[in-house]
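Single-letter residue listing:
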Amino acid sequence: MKDVQSQPDRRNIYLQRVGIKGLLYPITVMDRQKGFQDTVATINMYVDLPVQFRGTHMSRFVEVLNKYHLGIDPRVLGELLEELRKKLKAKTAVVEIEFPYFMTKKAPVTNAEGFVSYTCRIFGQKTEEGCDFTFSVGVPVMTLCPCSKEISDRGAHNQRAVAWVHVKSKRLIWFEELIQIAEESASAPVFTVLKRPDEKFLTEHAYDNPRFVEDLAREIALRLKSDKRIEWYKVEVESFESIHTHNAYACVISEKEDFSNDDTSLG
Ligand SMILES: Nc1nc2c(ncn2[C@@H]2O[C@H](COP(=O)(O)OP(=O)(O)OP(=O)(O)O)[C@@H](O)[C@H]2O)c(=O)[nH]1
């Protein structure tokens, strides 16, 4: 059978990224409470393609993933990326993994339990220089507006928001730790199961902790800045404003790195 992908190409155009996108795949991730958690990921995998090749060998991406998809952690991902580079004769290999991560949360007053899902992302890149990983988690929270509270005789507009926390770190940081930082920094966390006593508590707790999106981004950044394990961070807060047709947004990127490392654009 002719191997079209291996045919020479004469257009002299280097392709930074070729590969597969949107692969739904079962994975196992580390879980601080239970050891491991099975979930379903959407995976993108890319390599670079030198000018002389017509196409990459797409079947090899999934062949490599088949060997490594259990126990997704940085060591395993480093080996997966190195094997991709070798199998596809590439200089750079990239993997992007997004998955729902479930934690059981107890309501603040009644301890009623329910699963809350958090969107987690792992970005990994391997070049001749080495390996680079960014871990991200989107945390749903509540924000209550400080201005609305200050100027109104009664009440204050409040809404759900999402705080995206992106970190590069020297040592393992649990997603649970980043989730806790975001929830403690917001006006209030959000839950799946809430009884009336819980609802009363959260309503009053949020009112006592008003937060602009700027406040929440800064509060989270302060906590990340003081964590010696963290080499780089980016915090994005987007609040789904209850009184606007648009959202409010704030972003802070750690001053340690330039923006070129910013492989965490949302969407
Ligand atoms: N490079 C490339 N491959 C594509 C594209 N669209 C589909 N493919 C598929 O990629 C698959 C080929 O993958 P390869 O890994 O080259 O398959 P193979 O040559 O049998 O496997 P190897 O012997 O490992 O190279 C086929 O199913 C192609 O149809 C494309 O746009 N670009």
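Residues numbered from 1 in each chain as written. Predicted model: local features only at pLDDT ≥ 70, side-chain atom pairs only at ≥ 80, totals over all residues. Heavy atoms only, no water.

- The chain carries the name GTP cyclohydrolase FolE2 in an unreviewed UniProt entry, which gives Pseudothermotoga thermarum DSM 5069 as its organism.
- Listed under Catalytic activity (unreviewed entry) in UniProt, the entry text for the chain is "GTP + H2O = 7,8-dihydroneopterin 3'-triphosphate + formate + H(+)".
- UniProt, in its Function (unreviewed entry) section for the chain, records the words "Converts GTP to 7,8-dihydroneopterin triphosphate." (UniProt positions renumbered as here; feature names shortened; annotations may be inferred.)

## Overview of the overall build of the chain
Right, so step 1: Assigned secondary structure in the chain consists of six helices and nine strands.
Right, so step 2: Each principal axis of the C-alpha atoms in the chain carries an extent, and together these give about 75 × 35 × 35 Å.
Right, so step 3: Looking at the chain as a whole, 48% of its 267 residues qualify as buried.
Right, so step 4: Here the analysis covers contacts within the chain between residues at least 6 apart in sequence; of these, 66% occur between residues at least 24 apart.
Right, so step 5: Between the centroid of the 37 positive side chains of the chain and the centroid of its 39 negative side chains there is a distance of 4 Å. (Helix = DSSP H or I, 4+ residues; strand = E, 2+ residues; numbered from the N terminus. Buried < 20%, exposed > 50% of the residue type's maximum accessible area, 1.4 Å probe, protein only. Contact = heavy atoms within 4.5 Å. Lys, Arg positive; Asp, Glu negative; His and termini not counted. Charge placed at Lys NZ, Arg CZ, Asp CG, Glu CD.)

## Quick look at the nonpolar core
Right, so step 1: Counting residues in hydrophobic clusters, the biggest one holds 59 residues, and the most contacted among them are I97, F99 and L224.
Right, so step 2: Core analysis: the second largest hydrophobic core is formed by eight residues, A188, V190, F191 and A206 among them. (Core = buried A, V, L, I, M, F, W, Y, C linked by side-chain atoms within 4.5 Å.)

## Quick look at the site of the ligand
Right, so step 1: For the ligand, the full set of nearby residues is Q5, G55, T56, H57, M58, S59 and R60.
Right, so step 2: With respect to the ligand, the side chain of H57 contributes an N or O atom lying 2.9 Å from an oxygen atom.
Right, so step 3: Contact distances for the ligand include 2.3 Å between an oxygen atom and a side-chain N or O atom of S59.
Right, so step 4: Contact with the protein chains hides 44% of the accessible area of the ligand, taken as 650 Å² for the molecule alone.
Right, so step 5: Taken together, the residues of the shell around the ligand break down into one nonpolar, five polar and one charged. (Near = heavy atom within 4 Å. Polar contact = N/O pair within 3.5 Å; in protein donor to acceptor, adjacent residues only side chain to side chain. Areas by Shrake-Rupley, 256 points an atom, 1.4 Å probe, with all protein chains shown as cover. Nonpolar A, V, L, I, M, F, W, Y, C, P; charged D, E, K, R; others polar.)

## Focus: the environment of L84
Right, so step 1: Counting through the fold element by element, L84 comes out in helix α2 (residues 74-87).
Right, so step 2: With 21 residues separating them in the primary sequence, L84 and E63 have C-alpha atoms 9.5 Å apart.

## Observations concerning the packing of helix α4 (residues 175-185) against helix α6 (residues 213-225)
If you want to describe how two helices pack, look at the angle between their axes and the distance between the axes.
Right, so step 1: Contact geometry of α4 with α6 gives a least axis separation of 9 Å together with a crossing angle of 140°. Judged by the angle between their axes, α4 and α6 are oblique. Crossing handedness for the pair α4 and α6: right-handed. Residue-level contacts link L178, I181, A182, E184 and S185 of α4 to L216, E219, I220, R223 and L224 of α6.
Right, so step 2: When the residues that make up the contact of α4 with α6 are grouped by side-chain class, the tally is six nonpolar, one polar and three charged. (Axes fitted to C-alpha atoms, helices over the stretch in contact; angles between N-to-C directions. Parallel < 35°, antiparallel > 145°, perpendicular 65-115°, else oblique. Left-handed = near helix turned anticlockwise from the far one by under 90°.)

## Structural notes on α4
Right, so step 1: Among the 11 residues in α4, nine count as buried, and that is most of the element.
Right, so step 2: Among all positions in α4, only F175, E176, E177, L178, I179, I181, A182, E183 and S185 are buried.

## Some details on the environment of I173
Right, so step 1: Relative to the helices and strands, I173 resides in the loop between β6 (158-169) and α4.
Right, so step 2: Of the residues examined, I173 reaches a relative accessible area of 11% and is grouped as buried.
Right, so step 3: Here the alpha-carbon distance between I173 and D38, two residues 135 residues apart in the chain, equals 19 Å.
Right, so step 4: When sequence neighbours within four positions are dropped, the list of residues in contact with I173 reads L178, D227, R229 and I230.

## Thoughts on the side chain of H166
Right, so step 1: Tracing the sequence through the fold places H166 in strand β6.
Right, so step 2: On the basis of relative accessibility, which here comes to 0%, the residue H166 falls in the buried class.
Right, so step 3: There is a polar contact of 2.9 Å between the side chain of H166 and the side chain of E236.

## Examining the UniProt feature "site: May be catalytically important" (unreviewed entry) in the chain
Right, so step 1: Per the UniProt record, "site: May be catalytically important" (unreviewed entry) is annotated on C145.
Right, so step 2: Looking at where C145 falls in the secondary structure, it is placed in the loop between β5 (130-144) and α3 (146-151).
Right, so step 3: Note on C145: relative accessible area 11%, which makes it buried.
Right, so step 4: Beyond its immediate sequence surroundings of up to four residues, C145 is in contact with A156, H157, P210, R211 and F212.

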